[in-house]
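Residue-level structural notes
The chain contents come next:
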Amino acid sequence: MSDSAGGGESGGVAAAGQDAEADGEPPQQAPPSLCPPEQGPAETTEDGPPPSPKRSRRSEEEQGDGVTAQEHTAASPQGTGELQLPEGADQRAEEAADPEYLTECHQNGDRGPAAAAGEEETRAEEEEEHGDEEAADSPAAGQHLDLDFSQNPSMLTGSWTEYSNFPENYLKGCKWAPDGSCILTNSADNVLRVYNLPPEIYSYSWDSIPEMSPVLRMAEGDTVYDYCWFPKMNSLEPDTCFLASSSRDNPVHVWDAFYGKVRASFRPYNHLDELTAAHSLRFSPDGERLYCGFDKMVRVFCTERPGRDCEERPTVVKKQGQSGIISCFAFSPCQSVYACGSYSRCAGLYCCQDGALLALLPTRHHGGLTHLLFSPDGNYLYTGGRKDPEILCWDLRDPGKVVFSLKRNVATNQRIYFDLDPSGRYLLSGDTEGVVSVWDAHTAPPDGNEELLQPQLRFQAHWDCTNGISVHPFMPILATSSGQRQFPWPTDSEGDSASDTEGGGGGVALQQEIRQDNALTLWWAGPLSPPAEESRDQNTAAAEEEAPGVPSV
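Residues numbered from 1 in each chain as written. Predicted model: local features only at pLDDT ≥ 70, side-chain atom pairs only at ≥ 80, totals over all residues. Heavy atoms only, no water.

1. Brief notes about the overall build of the chain
Scanning the chain from N- to C-terminus turns up eight helices and 31 strands. For the chain, the residues scored as buried account for 53% of the 553 residues in total. Of the contacts made within the chain by residues no fewer than 6 positions apart, 58% connect residues no fewer than 24 positions apart. When the accessible surface of the chain is summed, it comes to about 24900 Å², and 46% of that surface belongs to carbon and sulfur atoms. (Helix = DSSP H or I, 4+ residues; strand = E, 2+ residues; numbered from the N terminus. Buried < 20%, exposed > 50% of the residue type's maximum accessible area, 1.4 Å probe, protein only. Contact = heavy atoms within 4.5 Å. Areas by Shrake-Rupley, 256 points an atom, 1.4 Å probe, with all protein chains shown as cover.)

Here it is in structure tokens:
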């Protein structure tokens, strides 16, 4: 990738984070650019694992409003490094956020005997540590996002022109990077595109956000079947910045997310020693293995050893098991278990170590499964199929039991994604009519009686099929993608064709133009004002009072 899309703050991947699937918890790390707006973008540390940062009170205040990550301390992809804010940024943010706290500490140090001062300081330190512990626990509770669905999300920006140069260049989903720095899309022109998160979002300058343009374009040779990010992706470590994709009649390609070039390839072969394409892809949570789905077969590659060597795990043994093409994967965040969905309309649970079948869920869907999701606690599995109006929630503590179902309009064979926020409370999905529905899973009946769960919110995101939706790892931002294959409407009579020619547009072409809406769109689903604005005003006033030569008002 060129310098404009490479490392640094303007690169294709420009922030660091932690994947939710890796350890069963939402990412707890903010990108460097989430420092206070007046300080400018953050700087990266020197080579090697940076030291542990000192948490600022301002970040604790903002995390409750869903603007920054809940906690800056999170393990790096190697599990040793941590992200550090610029030198002095924590102190300035702390003074800006709570000047009364600093004044109180100063007074406690000057009054009373030394023992009393020591007790006050010890109490203050204990309170601060206790607050840090609560802040560290809150991501698991899913409160750091502060998603607000009491009203329709606000549209921020998107990308439309990029998909208008190619006829019927509809999108096929979108996926946020694990560190939240960029988003990946797939479209009908067989090109994978990477978009950076606009920096104006951090400063609430939403009126000046321009249309997004991709910083990377990676062209596959044929129809892209599936694609996924490396779960340990950290933009501070370029070696971890890559993604995998599978296309028809091609091996699995691993793309460098900084330069857009093929870094490696995995070549699966069938029993006739012919190259075969994987229909689904997913890295294991630790990133050490790549799972690929085929007809009645799962092939597992070692990420560090590209090539053709793999472990074969048949899903049908002695005519027993899960038949059909394995179309999607999902890994449990709490146990060494993964789920496979197939076009035979069923889902199976398997052991990660040896691929042994643990349970086969009943066939309840009307079409082949296209997407799977585990809840953050690993107790529930959500499944959705093509041309199937339901998303089913399965209780894995009692395999085969459906807790509740969610209705959506799916009238196409296209893969319609759905997503969960890191807390597992909100499930979001688009439909064929372009409507996005939001369900609150916590409102499900506690007794587990199967019933239809009504959506908490529905809003028109696109005028065409909303096939992809992805929730940002730690910010209240939604990404949606739209479009579908359009079919010309037949004319009613021969006279219509003549009149259409004279009219210069044609009724069929006009009808298609109205229906098409091929776009990637970002939505804000959090507070509509900067949470630290009042603190910045207080800090500015205090600075004016302390500045010499400035008369007080």
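2. Here's the deal with the pattern of salt bridges
Here the structure, examined in full by the defined rule, presents eleven salt bridges. In this structure, the salt-bridge partner of Arg217 is Glu162, at a minimum N-O distance of 2.8 Å. Of this pair, Arg217 sits in strand β5 (residues 216-219) while Glu162 sits in the loop between β1 (154-159) and β2 (171-176), and the two are 55 residues apart along the sequence. For the salt bridge of Arg299 with Glu312, the shortest nitrogen-to-oxygen distance reads 3.4 Å. In this pair, Arg299 sits in strand β12 (residues 297-302) while Glu312 sits in strand β13 (residues 311-314), placing the two residues 13 residues apart along the sequence. Classification of Glu312 by relative accessible area gives partly exposed; the value is 45%. (Salt bridge = Lys/Arg side-chain N within 4 Å of Asp/Glu carboxyl O.)

3. Focus: the nonpolar core
One finds Leu197, Ile201, Met475, Leu522 and Trp524 to be the most contacted residues of the largest nonpolar core, which totals 21 residues. For this core, the secondary structure elements donating two or more residues are β2, β30 (477-482) and β31 (520-524). Look past the residues within four positions of Leu522 in its chain and what remains in contact with it is Ser154, Met155, Leu156, Thr157, Trp176, Leu197, Pro198, Ile201, Met212, Leu478 and Ala479. Counting 17 residues, the second-largest nonpolar core is a separate cluster that includes Ala177, Leu184, Cys241 and Leu243. (Core = buried A, V, L, I, M, F, W, Y, C linked by side-chain atoms within 4.5 Å.)

4. Quick look at the environment of Leu520
Looking at the secondary structure, you find Leu520 in strand β31. Overall, Leu520 belongs to the buried group, its relative accessible area being 0%. On a C-alpha basis, the gap between Leu520 and Ile183 in space is 9.9 Å, while along the polypeptide they are 337 residues apart. In contact with Leu520, not counting residues within four places along its chain, are Thr157, Gly158, Ser159, Leu171, Cys174, Ile183, Thr185, Tyr195 and Thr480.

5. Topic: the confidence of the model for the chain
Taken over all residues, the pLDDT of the chain has a mean of 74, while the share at 70 or more is 63%. A low-confidence stretch, residues 492-513 (pLDDT under 50), is modelled with 13 contacts involving residues beyond four sequence positions or located in other chains. Confidence drops under a pLDDT of 50 for residues 533-553, and excluding neighbours within four residues, the segment shows ten contacts in the predicted structure. (pLDDT = per-residue confidence, 0-100.)

6. Considering unusual backbone geometry
Not every positive phi belongs to a glycine, and Asp273 is a case in point at roughly 60°. On the basis of relative accessibility, which here comes to 48%, the residue Asp273 falls in the partly exposed class. Phi is positive for Lys387, close to 50°, though the residue is something other than glycine. Its location among the elements puts Lys387 in the loop between β21 (380-385) and β22 (390-395).

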